[in-house]
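One letter stands for each residue in the lines below.
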Amino acid sequence: MRNIFLFLRHYRTFITFLFLQVIALWFLFSYNKFHRARFLGMANEVTGKINTQYNKVEDFFHLQQENRRLHRENDSLLNMLPVNFVRHDTGVQSYQDTNPQDSTGFYRRYFLYPATVTYTTVSSQKNYIQINRGSNQGVKDGWGVINSDGSVVGTIVNVSPNFSQVMSLLHVQSRLDASLKKSGELGTIEWEGKNPNFLTMVRVPKAIQVAKGDSVITSGNNDITFPKGFLVGTVSEIGVDNAQGMYVLKIKPAANFFNLQQVHIINNVDRAEQMQLIKDTKLKVDAGNNK
Amino acid sequence: MSDFLKYTFRFILFILLQVYLLNKVPHLHRYIVPVIYYLPLLWLPFTVSRLGLLFIGFAVGICLDYYMMTPGLHAAACVLIMYVRPFLINILTPKENAEFTYKEPSPLAMQWTPFAVYVFVLTLLHHGYVLFLEWLSFGSFLDFIVKVIITTAISLLLTFTVELLFPRRLRFRTNTP
């Protein structure tokens, strides 16, 4: 027994070293798996507050560009106002009730909320964006984020009371189902972790026609985070993976990740139900296979 | 200003510098990310105990990690270099003068060559370990090697620039209070 204590005393530095290494590596690897850091909620509040202060200063340098873009978007929104459209008068009285299902059979599936970016990088292989909306404002994991032009930015992966972390498209683990606007063909948007100016689109069959400059948009039906039609980027180089007979398209992202400031968060109201259905289906099929 | 405040201030300054300046410099090349937040760790006084060094290293690393959303990555590397530091200093400094007349490692206390070796070895260890852990989850081996070399080179360049631009006021330790 005495020898054990002597041993511990003699090697206490080394043992502490090992202990701290194990803690650090445990933090690191458990985080990579679940995207949810230990104590991150707490730390996020502190870094978020400092980032907010810093951001106030930084905002000044981008004001002009940002204003121009907001103006453009306001313009496009004004164009969409119902006053711009005239209905044929059929004599039917239209009314509004509390039922979300309105009389024309439409109901609202996506809600957009504004948010401000507090911290962003492009220099890492795993880039995150911090925004100033959190669980106190009702934000949840898995919501989509677009910039003020309506171009896709990323997906929320972690939420603290007043801030959230967005996994940017410039993240080596980011996967987004998107489609080519012209042909409607589906593919997956990835990032190789090298050049922040380009994304990669894979799994597009070689049989279809693709040209430089083609738009890539969110697919809407294959991906439950984003509504259909938000711009992801444009094709800038066409490569072919001959082994698989698929295209490897180099995509120039539509969002400018270098000076993100104002973003919109997208909430899909049906999300919980859709996720549940996917999960249940999997369980059901697996159960069937095991019989 | 008390020593404790001085060192805390240094750590905060360097972490903010790293997060808001060096991580935000426009991309020159995908390999070039200058990292110097660990410099104050190399400047800690000779008198700090080895256990103390480890805990300070962990604390500084984890602070940076929570900014960069990589919990544990830099903490692990800082703990490693803080563990190696006392051995290096023992090898590199002549016992009789440096540790007893100067307070902290610096070019003046250790001579330029041993100090350069000291900074080089710890920088290489730090970047090697951080990039190794990153490489485990992503990337190719060639990338890893090239990255270690280039990041170490750019960080050393910055370190020596800092040393030359801001020579630290070195106080002699004496018996008189």
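Model, not experiment: these values are computed from the prediction. (Residues numbered from 1 in each chain as written. Chains lettered and ligands numbered in written order. Predicted model: local features only at pLDDT ≥ 70, side-chain atom pairs only at ≥ 80, totals over all residues. Heavy atoms only, no water.)

Draft legend 1. Highlighting a nonpolar patch on the surface. All names here are of chain A. A cluster of nonpolar side chains, namely Met1, Ile4, Phe5, Phe7, Leu8, Tyr11, Phe14, Ile15 and Leu18, defines an oily patch on the protein surface of about 900 Å² accessible area. For the nonpolar patch, the secondary-structure elements that each account for two or more residues are helix H1 (2–10) and helix H2 (12–34). No other element matches the four residues that H1 contributes to the nonpolar patch. With respect to the element layout, Leu8 can be found in helix H1. (Patch = residues over 30% accessible without salt bridge, like charges linked within 9 Å, V, L, I, M, F, W, Y side chains within 5 Å. Areas by Shrake-Rupley, 256 points an atom, 1.4 Å probe, with all protein chains shown as cover. Salt bridge = Lys/Arg side-chain N within 4 Å of Asp/Glu carboxyl O. Helix = DSSP H or I, 4+ residues; strand = E, 2+ residues; numbered from the N terminus.)

Draft legend 2. Focus on the sheet that holds strand E4 (residues 152–159) of chain A. Residues and elements named next belong to chain A. An order of E1-E2-E5-E4-E3-E12 is seen for the six strands of this closed barrel, with the pairing classed as antiparallel. For this sheet, the mean angle separating the axes of adjacent strands, direction not counted, is 45°. Relative to strand E5 (residues 164–171), strand E2 (residues 126–131) runs antiparallel, the two being bridged by five bridges. Among the inter-strand pairings, Ile131 is bridged to a residue of E5, identified as Ser164. (Pairing = 2+ DSSP bridges. Axes fitted to C-alpha atoms, helices over the stretch in contact; angles between N-to-C directions.)

Draft legend 3. Representation of the interface of chain B and chain A in the model. Across the boundary between the two partners, chain B contributes 32 residues, which contact 38 residues of chain A. Carbon and sulfur atoms supply 69% of the area that chain B and chain A bury against each other, a total of about 3,400 Å² over both sides. Across the contact surface, chain B and chain A share zero salt bridges. Where chain B packs against chain A, one counts seven residue pairs in polar contact (both at pLDDT 80 or more). Within the residue set of the side of chain B that touches chain A, elements represented by two or more residues are helix H1 (3–20), helix H3 (50–68), helix H4 (73–92), helix H7 (112–137) and helix H8 (141–165) of chain B. Considering each element in turn, the side of chain B that touches chain A owes the most residues, eight residues, to H3(B). The residue inventory of the side of chain B that touches chain A, partitioned by class, reads 22 nonpolar, five polar and five charged. (Contact = heavy atoms within 4.5 Å. Buried area = accessible area lost by both parts, 1.4 Å probe. Polar contact = N/O pair within 3.5 Å; in protein donor to acceptor, adjacent residues only side chain to side chain. Nonpolar A, V, L, I, M, F, W, Y, C, P; charged D, E, K, R; others polar.)

Draft legend 4. Region of interest: the nonpolar core. In this structure, B:Leu41, B:Leu42 and B:Tyr118 are the most contacted members of the largest nonpolar core, which totals 57 residues. Every element with two or more residues in this core is listed here: H2 of chain A together with H1, helix H2 (39–42), H3, H4, helix H6 (107–110), H7 and H8 of chain B. For this core, the element with the highest residue contribution is H4(B), accounting for 13 residues. Filtering out sequence-adjacent residues up to four positions away, B:Tyr118 remains in contact with B:Leu42, B:Arg85, B:Leu88, B:Ile89, B:Leu92, B:Pro105 and B:Met110. Core analysis: the second largest hydrophobic core is formed by 41 residues, A:Ile146, A:Val166, A:Phe230 and A:Ile266 among them. (Core = buried A, V, L, I, M, F, W, Y, C linked by side-chain atoms within 4.5 Å. Buried < 20%, exposed > 50% of the residue type's maximum accessible area, 1.4 Å probe, protein only.)

Draft legend 5. How the structure looks around the environment of B:Tyr83. Among the secondary structure elements, B:Tyr83 is positioned in helix H4. In this structure the C-alpha to C-alpha distance between B:Tyr83 and B:Leu53, which are 30 residues apart in sequence, comes to 7.4 Å. With sequence-adjacent residues up to four places away left out, B:Tyr83 is seen in contact with A:Thr13, A:Phe14, A:Phe17, B:Arg50 and B:Leu54.

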